[in-house]
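Here is what each chain is made of, one letter per residue.
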Amino acid sequence: MSATQEIPWDELWAAARQASAGAYAPYSNLSVGAAALADDGRMVSGCNVENASYGLTLCAECGLVGDLHRSGGGRLVAVAVTDGDGNPLTPCGRCRQLLYEAGGASCLVNETHTVGRLLPGAFGPDDLP
């Protein structure tokens, strides 16, 4: 993706909402979808998958990062996260760390934030020996 290419937020929001339709959320009834633009122009997405053992629940961003790597890797540039009605949702702490690893501090989230702003002082691959 070139530095001058505009991020297609309308498409990301629509893809995130569409991804939320595939969510498995029988416990919370909160379907979440996430869609992202990769640095090569590809769009990836994911949905939440709950589990009766709540700690094993996978957030939509987990599926999104899995889809990024499954479809060729690269870096995330921009991410949209919504509920089933299309309302923006802010990623949880674990997902902020996943997005930092996959897109870095400058990755945009929901048009208005960067991962670096959502996760100040993040720990990443560059911090490892």
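Above: the structure in question.
About the criteria used
Residues numbered from 1 in each chain as written. Predicted model: local features only at pLDDT ≥ 70, side-chain atom pairs only at ≥ 80, totals over all residues. Heavy atoms only, no water. Salt bridge = Lys/Arg side-chain N within 4 Å of Asp/Glu carboxyl O. Buried < 20%, exposed > 50% of the residue type's maximum accessible area, 1.4 Å probe, protein only. Helix = DSSP H or I, 4+ residues; strand = E, 2+ residues; numbered from the N terminus. Contact = heavy atoms within 4.5 Å. Phe/Tyr/Trp six-rings, centres within 6.5 Å; stacked < 30°, edge-to-face > 60°.

(A) Expanded view of the pattern of salt bridges. Taken as a whole and assessed by the stated rule, the structure comprises two salt bridges. Where D40 meets R42, a salt bridge forms, and the shortest distance between an N and an O atom there is 3.0 Å. Judged by relative accessible area, which is 49%, D40 ranks as partly exposed. The salt bridge partner of D67 is R70, with a shortest N-O separation of 2.5 Å. Taken together, the residues D67 and R70, both in helix α2 (residues 60-70) and three residues apart, mark about one turn of the helix.

(B) Spatial organisation of the environment of L108. Inspection of the secondary structure puts L108 in strand β4 (residues 108-109). Among the residues examined, L108 registers a relative accessible area of 24% and is labelled partly exposed. If we ignore the near neighbours within four places in the chain, the residues touching L108 are I7, W9, V77, A78, V79, H113 and T114.

(C) Broad picture of the side chain of S20. Note on placement: S20 falls in helix α1 (residues 9-20). Not counting chain neighbours up to four residues away, the residues in contact with S20 comprise S31, V32, G33, T82, D83 and G84.

(D) How the structure looks around the environment of V32. Take V32: it is sitting in strand β1 (residues 32-38). Classification of V32 by relative accessible area gives buried; the value is 11%. For V32, the contacting residues outside a window of four places in its chain are S20, A23, G46, C47, N48, A60, V81, T82 and L89.

(E) Structural view of the packing of aromatic side chains. Scanning the entire structure with this criterion turns up two aromatic pairs. When the ring of W9 is compared with that of W13, the centres are 6.3 Å apart and the planes differ by 35°; the resulting orientation is tilted. In this pair, W9 and W13 are both assigned in helix α1, four residues apart and thus about one turn of the helix distant. Each member of the pair, W9 as well as W13, is classed as buried. For the pair Y27 and Y54, a centre-to-centre distance of 5.9 Å together with 75° between the ring planes defines the contact as edge-to-face. Of this pair, Y27 sits in the loop between α1 and β1 while Y54 sits in the loop between β2 (43-47) and α2, and the two are 27 residues apart along the sequence. On the accessibility criterion, Y27 (40% relative accessible area) is partly exposed. Residue classification places Y54 among the exposed positions, given a relative accessible area of 59%.

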